[in-house]
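# What the coordinates show
So you can see what is in the structure, the chains are spelled out below.
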Amino acid sequence: MKKTLLVIVAALLGVVSASAQYVSDEAEALAQEPASLAARKGGRIALDGSRLRKDATIALLADVDGENLYPAWHKAKAWRGAGIGMIAGGSTVAVVGAGFVVVYGLAAVLGIAIGASAEAMAGGDGSQAADSISAEIEPYIVGGTAAMFIGAGTAIAGIPVTVVNCRKMTKIVHRYNDSVTETSLPEPSPEVTLSFGPTRSGVGVALNF
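Residues numbered from 1 in each chain as written. Predicted model: local features only at pLDDT ≥ 70, side-chain atom pairs only at ≥ 80, totals over all residues. Heavy atoms only, no water.

On average, residues of the protein carry a pLDDT of 75, and 61% of them reach 70 or more. Within the protein, helix 2 (residues 54-61) carries the highest mean pLDDT (94), whereas helix 1 (residues 2-32) carries the lowest (42). Within the model, the stretch residues 1-33 combines pLDDT values under 50 with 13 contacts to residues more than four positions away or in other chains. Here residues 184-192 is a poorly scored stretch, pLDDT under 50, and it has 10 contacts once near neighbours within four places are set aside; other chains count. (pLDDT = per-residue confidence, 0-100. Helix = DSSP H or I, 4+ residues; strand = E, 2+ residues; numbered from the N terminus. Contact = heavy atoms within 4.5 Å.)

For Ser179, the location among the structural elements is in helix 4 (residues 127-181). A polar contact is formed between the side chain of Ser179 and the backbone oxygen of Tyr176, at a distance of 2.5 Å. Residues in contact with Ser179, not counting those within four places in the same chain, are Val64 and Asp65. (Polar contact = N/O pair within 3.5 Å; in protein donor to acceptor, adjacent residues only side chain to side chain.)

If you look at the biggest cluster of nonpolar residues, it comprises 16 residues, and the most contacted ones within it are Ala38, Ile45, Leu47, Leu60, Leu61, Trp73 and Tyr176. Mapped by element, the contributors of at least two residues to this core are strand 2 (44-47), helix 2, helix 3 (70-121) and helix 4. Ranked by the residues each element gives to this core, the list is headed by helix 4, at five residues. Excluding its chain neighbours within four sequence positions, the residues that come into contact with Trp73 are Arg40, Gly43, Arg44, Ile45, Thr57, Leu61, Met169, Ile172 and Val173. (Core = buried A, V, L, I, M, F, W, Y, C linked by side-chain atoms within 4.5 Å. Buried < 20%, exposed > 50% of the residue type's maximum accessible area, 1.4 Å probe, protein only.)

This part covers the environment of Ala98. With respect to the helices, strands and loops of the structure, Ala98 is situated in helix 3. For the pair Ala98 and Gly144, spaced 46 residues apart in the sequence, the C-alpha separation amounts to 6.1 Å. The contact partners of Ala98, leaving out residues within four places of it in the chain, are Gly144 and Met148.

This next bit is on the pairing of strand 2. Pairing analysis gives four bridges linking strand 1 (residues 38-41) to strand 2, with the strands arranged antiparallel. Across the sheet, residue Lys41 finds its bridge partner in strand 2, namely Arg44. Between strand 1 and the antiparallel strand that follows it, strand 2, lie two residues; Gly42 among them carries a positive phi value of about 65°. As paired elements, strand 2 and strand 3 (residues 50-51) share two bridges and run antiparallel to each other. Following the sheet pairing, Leu47 is matched in strand 3 by Ser50. Connecting the antiparallel pair strand 2 and strand 3 is a turn made up of two residues, with Asp48 showing a positive phi of about 55°. (Pairing = 2+ DSSP bridges.)

Here the focus is a nonpolar patch on the surface. Together, Val96, Phe100 and Tyr140 make up an exposed nonpolar region whose accessible area comes to about 270 Å². Among the secondary structure elements, Tyr140 is positioned in helix 4. A residue is classified by how much of its surface remains accessible, and Tyr140, at 41% relative accessible area, is partly exposed. (Patch = residues over 30% accessible without salt bridge, like charges linked within 9 Å, V, L, I, M, F, W, Y side chains within 5 Å. Areas by Shrake-Rupley, 256 points an atom, 1.4 Å probe, with all protein chains shown as cover. Salt bridge = Lys/Arg side-chain N within 4 Å of Asp/Glu carboxyl O.)

Another point: the environment of Tyr104. Among the structural elements, Tyr104 can be located in helix 3. Judged by relative accessible area, which is 24%, Tyr104 ranks as partly exposed. Residues Tyr104 and Tyr140 lie 36 residues apart in sequence; the distance between their C-alpha atoms is 6.8 Å. Ignoring anything within four residues of it in the chain, the contact list for Tyr104 reads Ile137, Tyr140 and Ile141.

Structural data, given as structure tokens:
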């Protein structure tokens, strides 16, 4: 009987020891498991590789260390979009303006050459034809030049607007990541003990947890 009881006690001790080791290993694994980190993908936040919708972004940034970061995110995103629009629109206007300058500049050169030749063949000196063609084409060249410089200036101004607000958005994502990586270890499980001795009903094994 005693041998049987000792075998049972030893088996229970083995089970408790294995369970305690399992709990310890599980807690350590949870502590080492990396938290889901966010990343900025253009004007959106990606979590676990998936881009979040607006409502999910609002929920994600609603409480970062006690602060709602979504208004700052929304503002920076709007300014980033404005900066990109300035770059795209300004570049388009500059290219169109440059196109006007090139096309009408070539037209002026060819027109003056042809007109002056024709006038010279008619007995003139060619200056009248050149002046006439220059007067017709000059507004297009001046307008194209103005558009080119205005567009280029707008595009250049849009670069810092875009860069600054992209950095703001990235900092917001970093703040979120910092908040989720500051995780604490799981609370330790209550101590599990196995004892053999007197109990309320006599002598037996007591498992306390």
